[in-house]
Structure formats: C-alpha cells, structure tokens
Amino acid sequence: MAEAADFPRLTTSPARRWFRRAGVLLTGAPLLAGLLQLPAGQPAYAAASDPVVVSVDTLTPSAPTDGDTLTVSGTVTNKGKRTVTDAHVDLRVGQLLTTRSGIDDVAARTDYVPGADGTEIGGKYVEKFSKLTPGVAQPFTISVPVDKLDLGQDGVYQFGVSLSGETAAEPYEQVLGIQRTFLPWQPEEADTRTRTTVLWPLISTVHMTAETGPGEQQTPVFLNDDLATEISPGGRLDQLLTLGKDLDVTWVIDPDLLASVDAMIGTYGVQGADGTATPGTGQTVAKQWLAELQDAVAGKEVVALPFADPDLASIAHNGKNVTGTLSHLKSATDVAASTVETILHVTPSTDFAWPVNGAIDPSIVKIATSAGADKVIARSDSLKETGDLPYTPSAARPIGGGTTAVVADTRLSTAFQGDMTNADGSTLAVQKFLAQSLTTTLQTNKQRTVVVAPQRMPSTSQAQTMAEAVTALQNANWSESQELTATADTKPDPGATTKVPSASSYPATLRRHQLPQSAFAQIATTQDKLDNFKIILTDRTRVETPFGRAINREMATSWRGRSGAADSFRKGVESYLDDLTDQVKLIEKSETKLSGGSATIPVTVQNNLVQPVDNLVLRVTSTNPTRLKIGDEDYQEQPVEVSGGHSQSVKFTTSSNANGPVTVIAQLYTKDGQKYGPAVTFDVKVTEFTAMVMLVIGGGFLLLVLAGLRMYTQRKRAAARTEEPGDGPEDEVTDETDGTDRNDENHGSPENRPQGESDTALRADAPEQPSDPTPDTAPESADPSGTGERVDR
C-alpha cells in the first residue's frame, strides 16, 4: 500500500485540479528533457564527488509570499586540488513536490541531475568569482524578487544553489557543487489551515541527590553545578525559556527541574569528589530564571510530566513486576501538580504520558494509564497507518479503555535532531520542516490536527533552530496554533489506525537503553530500608521528602544511554540512607564481670541524628540462660527513646546460677518487630559464690577467731606466772595441753630433759629472745575480713 502522505491533495474544484495537473506536467518536463539530452545553455556536471561545497546559511523569508524578495547567503569552498576559475553561484527552481516522501527523496539526493535540479535564474541574480583557491571559503549573497522565480501553484518547490566554473584540467563550464533545499509557496491563506500543536519541553538530567545538610534547614546537595550553567544567560535552558516565551506552544515541564532550580535559590551544596560538599553559586540565576518562567507560562498551557520524568517503557518492560515500582510511579504523578502550582502558580495538566520517542506497546500504555494518565503522546512511526487514508490523519486516536493516543508526526518531530551548530544544517532543517508541514496541509481540504513532539532535551543550537521554524510556521498561511488538550479532544479520523503495536515491535535500539530489572530491585531495597528507618523518627518528613524524590529520580528517562551514571546515583542514594541509619546504633561493649547472685548490665544506645527517635525496643539475650538469666527469661526487652545528639544507657537485671563466661546479644528492633542495625555481642564472666562455699568460708573465719582468742588467753596467763612464781610443792602447774605436772620427777627435773634443750624452750609462753629471726609476714590481724570483690552494676 502506498504511504498515506504520498497521495496528492483532493479538491472539489475542476478548474483548480486542471491547473494543478498542468503545473505538474510543466515542472516535470525539464526532468524528462534532462534524461534525454542536456538542454542548451546548461553546463555539464563533474562526474566525481562535488569538488566545491556549497553552504546555504540563510534563506529569508523562509516561506515567501507575493511581493517578497528572497535573499540567499552562504559560502562556497573549493575542496579540490585545482583552482576553479570563471565561477559563479546560481539559484535554481526545481520541480513542484506533491508528496511527503518526494521531499525525503530530494533531501537524500547528492548528485546534480540536469533538468531535475531546475534551470538557472541567471541574469543579474548570480554572484561571480574570478577564482576559487583550494581550501578557501568564499561568501555569497543573492537577492531576487519572488516574481522572478516563476513559481506556479501552491506547494513546495525544490530549490537549489549551485556553483559552476572551470578548472585547468577541464576548461569548460560545469556544475562543480550544489546544495538543495525547499521553498514553501503559499502566498494566500489556505482554504483549510492545519491546527498545529508544538510541544516545548523543559526537561533536564538529574541534578539533586538525596543528601541534605545536617542542620534544621536541610541544605540540599547537588551532584554538580551544571544546572546553574544551563539556566545562566546563553545556557541551554535559558535559551529554551527565552525562545519559547514568544511562541504559541504547549510547555511540557518536568517538575523535578522546577524543584531543583527552586532549591538553588537558597543555600545549597555541590558534591565533591572526596564526598564533601562545597557551596553552590547559582542563587541569582536560579531566582531570575524562575521569575522569567513564571511570566512566560502565564496564560499558556502547561503539561506536567510525572516528577523526574520516569521511563515508562523501562517500567513496563523491566520494573512492573518488582514490588513497589508502580507505587513510585503513582507518587511521581501525584506530586507533579502540586510542585508546578507551588512554583509557577499555574494549574498544569497531568493527564498526559510521554514515552520515549513516542514508542508504545500494550504494556507501556497500561503503565501510563495506571499512573493516572488517560492520554498517551505517541509517534506516527510507532502507531503506523495501516488503512487507506490518502492523507495524514489527525493526531487523536482512541486506543481502547478510555485512553487516547495523541500521535505526533514523525517527520516534523525529528526535523531538529541533527547537528544544528552550523548555519547550513539549521537552514536546511527549517526549510524541510516547513515543506513537510505545507505538503501535509495540501493533501486534502479536510481540516486536521498535527502534533510536533521534538526530542526531550534539545541542545542550544537545536532549540534555536526549532524556534526559527516554529516562528515561520506560525506566520505562515497554512497553519494555526492549537493547545495539546484541544488537539487530544479533536474528533478522530474514522479511517485512522487505532491498533496499538505489539511488544515485539518496540524498537531494539530503544530497548537496549532501558533501565534493567536489577535497577528496580535496588530501588525496592532502598525503599525497604527507608520504611524501616522512618518508623523510629519523630519527624519523618525530613527523610520522606528527599529520599522519596530521589527514588523517583532513579527511574528518570534521562538515564538512558548513561547506565554507569545511573548505577552510581542509585548506589549513592542507598549509601547515604545507610549512613543515616547508622547514626542510631548500639555502642560496642567489652567483657563484663559479674560476681554475686544478681547484678545489672548497662547497654548504651547512641543517637547522632538531629531529631529524637522512638518506637525502638532493645532486646538483650543470654545465650546460656542456665548460667545467666536476663530478667526472668533468657532475654529481656525495654523500649528506647533517645533525644537528638544524645546517648542513653538501658540497664537490664541479671541473675547467675553458675560460674563461667556467657555470651550476651543486644539487638535493637522497631516497634513492628523488624531488626534495626547490627547486633552487639559481648561476654559476661560470672564469678558466683555458692551457698556451700560461703558456709565453708564462714566456718574457717570462725575457727580463726577462736584460735586468736586462745592464743591471747595463753599469753595473758604466761605473763602472770612470770611475775609471781611459786616456791613449794603446793604451787604445781598443770600443762593445759597434755594434763601433766611440769614438776613431775620424770618430766620436770633437769636430768630428765632432752640434751641441749633449755628450760625456756620447753615453755610455750616463754618470752621472745633477741636471737630469734624476724618473721617474713606481717602479724595476722584479728579484724573481720573485707566484703569481697566489687560487682559491676
């Protein structure tokens, strides 16, 4: 089946149809003649690649009308090795192009085709050069009244700028280079104007991290200061704002961009390579940019994408089955409207979803609608026409389930994706854009809607080219502006396709750059950690907002083609959350010694956060409750509340039943029973005295006291006998030890004593002699002993 755009315009006027056919025949005649023979007066053509490069830097006006003067300027550069002599630049009007594919064919052609590239206007509308030195660019400017171009019926004409000349090797006139472009010709207002919707995107990459300063103000921290460059005068976003405010466009805005610029107005930090943050410097430009944007969107239609512009295709293909992914998408949609309203003071539309490049399949549509959108911005190279319509149908298509696909025109939407840094490329892009737009309008008298959805983040030069093309289009006689919401509500063409392409038709080039399933699994892990952390906080908003938005940023479309940066960002978010979680922890304990039947064990909880924490439970568990009990069981729990920047010791009562070491485990839990942070393990050494041991020690102490009293009594009696000795048999002394009489004839007489033993040596209470050795221990005290070892309580 022929392409829909290839069909000529349908008309009900017989006269106009006759003139059109005649014009086509007349403009086609030179092509036929050129194929048969070279017309008289036409120069030959260099068969090799063009030795002279012709650049068309300006063509004004882009869409001329009656009475205008067309001015073309540019450069010619001799890329060959020989000098070109007797050279001149000519303007050529070629054939009328009646189909959109015909425009594509001309744009793709590089060789000069006699007849097909038209004849020279000639006369005084040329610029001559005596010679073109190799490698030297020569400028030219030619102005010609439009009525000298001999333009016929309305439509798009092939327009060429060629250079002819001679070389020493080929001393005859020949075409040495040509540049083709297009000349839209609609001098009067079209019978039916096309209603054109142009999307003007304000989207950037991810700039803010989850990190904030430690103070009450929670100073935001940025990955870098690139956003300040983008919104500074001359920057990409500054240019988009400056250019867009003078156009009738629908602003498509990522709320994350607004939130990031708004955060820059106050104090903010920029993350350094060493992990420390340095002060940002974009406060002034941020304030100015937002103020200008507020003025620019006042009274204009604003479409808010979900926060951080999540990658719908990645979610549909790799993330929808990972727990929590869809809830993140829903939260990104919910926060979008409030962010735009708060910062820009306008009420945006949040009904639109915009998949990457407008590529859709059933799963992408389902994901888009699950987040609350009932309109999906698709593109015509995805939702391709399969019917017999002889024209490009209107943008709105019902695709089932109450969902409308707003189909952007592929040719118009991709017109500015090339290199627009040089004037030649920019001018050709503008002329081709206008040519495609006019050809679409002339396909039929039926009024239709067309949507232009350019790339998400056009460069500065691309934005400038877009603005030039849109300005020319809005001043043209065949188009009128319309907002996106109105276009979506337009009655669809009955013959337009409404069948969503299958998943297998999703472009492989786009699929390769999707976020992998592992990325969504990591996001789910971070969310679980965040949920566990929030439970203990008294002010959850301090982490819910920065981390919730950071998780939205982890799914951003801008990560496509930057998998390494995306992975680094996700790891950074999780690492920072781990650092915050570790600010509430148990202090490590060394070995603890316990003596006695019972004692207390202190365990310290430290909170280095700014805010107080609660909803925590501290559990201390004995691994050997037979030897050491915590409370009445093998473990004991106590609630914990700790003020910000403080520590708190929690004491647990223990009772010991046997000696030896016991390992004790301390673990924090949240109130819902989830472990919080790592456990702290320490050893408790029990030195318990049993009842029998205490009885033995007590009995020994009593015997020691009694022995001391006996010795004291003996010494007293011995001293008394020394002072008043007896002199007769009546003063007998009885040995208290063995009951014998010391004056007994067998024991008391000198002759019966062992040889060498003195009288004094036989008496236990005899006084100490000067020759006795000094004792090596101190005299034993009779005072009561100490209370024993101190208990660690």
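Residues numbered from 1 in each chain as written. Predicted model: local features only at pLDDT ≥ 70, side-chain atom pairs only at ≥ 80, totals over all residues. Heavy atoms only, no water.

Draft legend 1. Examining the overall build of the protein chain more closely. Secondary structure assignment for the protein chain yields 18 helices and 31 strands. Out of the 793 residues in the protein chain, the part that is buried amounts to 46%. Taking as baseline every contact in the protein chain between residues at least 6 positions apart, the subset at least 24 positions apart corresponds to 78%. Accessible surface, the protein chain: about 38,000 Å² in total, of which carbon and sulfur atoms supply 52%. (Helix = DSSP H or I, 4+ residues; strand = E, 2+ residues; numbered from the N terminus. Buried < 20%, exposed > 50% of the residue type's maximum accessible area, 1.4 Å probe, protein only. Contact = heavy atoms within 4.5 Å. Areas by Shrake-Rupley, 256 points an atom, 1.4 Å probe, with all protein chains shown as cover.)

Draft legend 2. Molecular detail of the pattern of salt bridges. In total, this model carries 25 salt bridges according to the counting rule given. A salt bridge links Glu189 to Arg193, with the shortest nitrogen-to-oxygen separation between them at 3.6 Å. For Arg379, the salt bridge identified is with Asp381, shortest N-O distance 2.9 Å. What makes Arg379 buried here is its relative accessible area of 10%. What emerges from the salt-bridge pattern is a single network uniting Asp104, Arg411 and Lys432. (Salt bridge = Lys/Arg side-chain N within 4 Å of Asp/Glu carboxyl O.)

Draft legend 3. Inspection of the confidence of the model for the protein chain at higher detail. When pLDDT is averaged across the protein chain, the result is 85; 83% of the residues are at 70 or more. Taken as a whole, residues 1-42 scores under 50 in pLDDT and shows 63 contacts with residues more than four places along the chain or in a different chain. Scored below 50 in pLDDT, residues 725-793 makes 48 contacts in the model with residues more than four places away or belonging to other chains. (pLDDT = per-residue confidence, 0-100.)

Draft legend 4. Highlighting the nonpolar core. With 76 residues, the main nonpolar core has Phe533, Phe547 and Leu618 as its most contacted residues. Each residue touching Phe533, except ones within four places of it in the same chain, is listed here: Val543, Leu577, Leu580, Thr581, Leu609 and Tyr676. In this structure, Met208, Val302, Ile343 and Ala467 belong to the second largest nonpolar core, which totals 64 residues. (Core = buried A, V, L, I, M, F, W, Y, C linked by side-chain atoms within 4.5 Å.)

Draft legend 5. Layout of the environment of Gln455. Looking at the element boundaries, Gln455 is found in the loop between β21 (449-452) and α12 (460-474). Taking the C-alpha atoms as reference, Gln455 lies 9.6 Å from Ala415; in sequence the two are 40 residues apart. A distance of 2.8 Å separates a polar side-chain atom of Gln455 from the backbone oxygen of Phe416. Among the polar contacts made by the side chain of Gln455, one reaches the side chain of Gln462 at a distance of 3.0 Å. (Polar contact = N/O pair within 3.5 Å; in protein donor to acceptor, adjacent residues only side chain to side chain.)

Draft legend 6. The arrangement of the sheet that holds strand β11 (residues 208-212) in detail. Spatial ordering of the open sheet is given by β11-β12-β14-β15, a layout of four strands whose pairing is mixed. Strands with a single pairing partner mark the edges of an open sheet, and in this sheet they are β11 and β15 (277-279). Strand after strand, the sheet turns through a mean of 40 degrees between neighbouring axes, direction not considered. The sheet strands contacting helix α5 (residues 255-264) are β11 and β12 (220-222), and the helix crosses β12 at an angle near 110 degrees. (Pairing = 2+ DSSP bridges. Axes fitted to C-alpha atoms, helices over the stretch in contact; angles between N-to-C directions.)

Draft legend 7. Fine view of the packing of aromatic side chains. Following the criterion strictly, the structure yields four aromatic pairs and no others. Centre to centre, the rings of Phe547 and Tyr576 are 5.7 Å apart; their planes meet at 15 degrees, and the pair counts as stacked. Residue Phe547 is found in helix α16 (residues 541-553), and its partner Tyr576 is found in helix α17 (residues 563-581); the two are separated by 29 residues along the sequence. Grouping residues by exposure puts Phe547 and Tyr576 together as buried. Over the face of the ring belonging to Tyr635 we find Arg619, whose NZ or CZ atom lies 4.8 Å from the ring centre. In this arrangement the basic side chain of Arg619 is found over the ring face of Tyr669, its NZ or CZ atom lying 4.6 Å from the centre. (Phe/Tyr/Trp six-rings, centres within 6.5 Å; stacked < 30°, edge-to-face > 60°. Lys NZ or Arg CZ within 6 Å of the ring centre and 35° of its normal.)

Draft legend 8. Seen up close, the pairing of strand β30 (residues 660-670). Taking burial as the measure, the 11 residues of β30 include eight buried ones, the bulk of the element. Sheet analysis places strand β26 (residues 613-622) next to β30, joined by seven bridges and oriented antiparallel. Residue pairing for β30: Arg619 is matched across the bridge by Gln667. Bridge count for β30 against strand β31 (residues 675-686) is nine bridges, and the pairing is antiparallel. Looking at the pairing, Leu668 lines up with Tyr676 of β31. Between β30 and β31, which pair antiparallel in sequence order, lie four residues; one of them, Gly673, sits at a positive phi of approximately 90 degrees.

Draft legend 9. Geometry of the environment of Gln288. Of note, Gln288 is situated in helix α6 (residues 283-297). Residue class for Gln288 comes out partly exposed when judged on its relative accessible area of 43%. Measuring from C-alpha to C-alpha, the distance between Gln288 and Ile265 comes to 9.3 Å, with 23 residues separating the pair along the chain.

Draft legend 10. Focus on the side chain of Thr192. By the secondary structure assignment, Thr192 is in the loop between β9 (174-185) and β10 (194-202). Of the polar contacts made by the side chain of Thr192, one reaches the backbone oxygen of Asn445; its length is 2.9 Å. In this structure Thr192 touches Thr441, Asn445, Lys446 and Gln447, once residues within four positions along its chain are discounted.

Draft legend 11. Molecular detail of a nonpolar patch on the surface. Taken together, the side chains of Leu702, Leu703, Val705, Leu706 and Leu709 present a nonpolar region at the surface, about 480 Å² in accessible area. You can see Leu703 is positioned in helix α18 (residues 691-723). (Patch = residues over 30% accessible without salt bridge, like charges linked within 9 Å, V, L, I, M, F, W, Y side chains within 5 Å.)

Draft legend 12. A negative patch on the surface, seen in detail. Together, Asp66, Asp147, Asp150 and Glu188 make up a region of like negative charge exposed at the surface. The exposure class assigned to Glu188 is exposed, which follows from its relative accessible area of 57%. (Lys, Arg positive; Asp, Glu negative; His and termini not counted. Charge placed at Lys NZ, Arg CZ, Asp CG, Glu CD.)

Draft legend 13. The packing of α5 against helix α8 (residues 325-344), seen in detail. In the contact formed by α5 and α8, the axes pass within 9 Å of each other and the chain directions differ by 45 degrees. If you check the angle between α5 and α8, you find them oblique. Crossing hand, α5 versus α8: left-handed. Here α5 contributes Pro255, Leu258, Ala259 and Asp262 to the contact with α8, which in turn contributes Ala336, Thr339, Val340, Ile343 and Leu344. (Parallel < 35°, antiparallel > 145°, perpendicular 65-115°, else oblique. Left-handed = near helix turned anticlockwise from the far one by under 90°.)

Draft legend 14. Seen up close, unusual backbone geometry. For the bond running from Thr60 to Pro61, omega is -10 degrees, close enough to zero to count as cis. Along the chain, Pro61 turns up in the loop between β2 (52-60) and β3 (69-78). The backbone of Asp86 shows a phi angle near 50 degrees, a positive value even though the residue is not glycine. Judged by relative accessible area, Asp86 falls into the exposed class, the value being 52%. At Asn357, a position not held by glycine, the phi torsion is positive, near 55 degrees. Along the chain, the position of Asn357 falls in the loop between β17 (352-353) and α9 (362-370).

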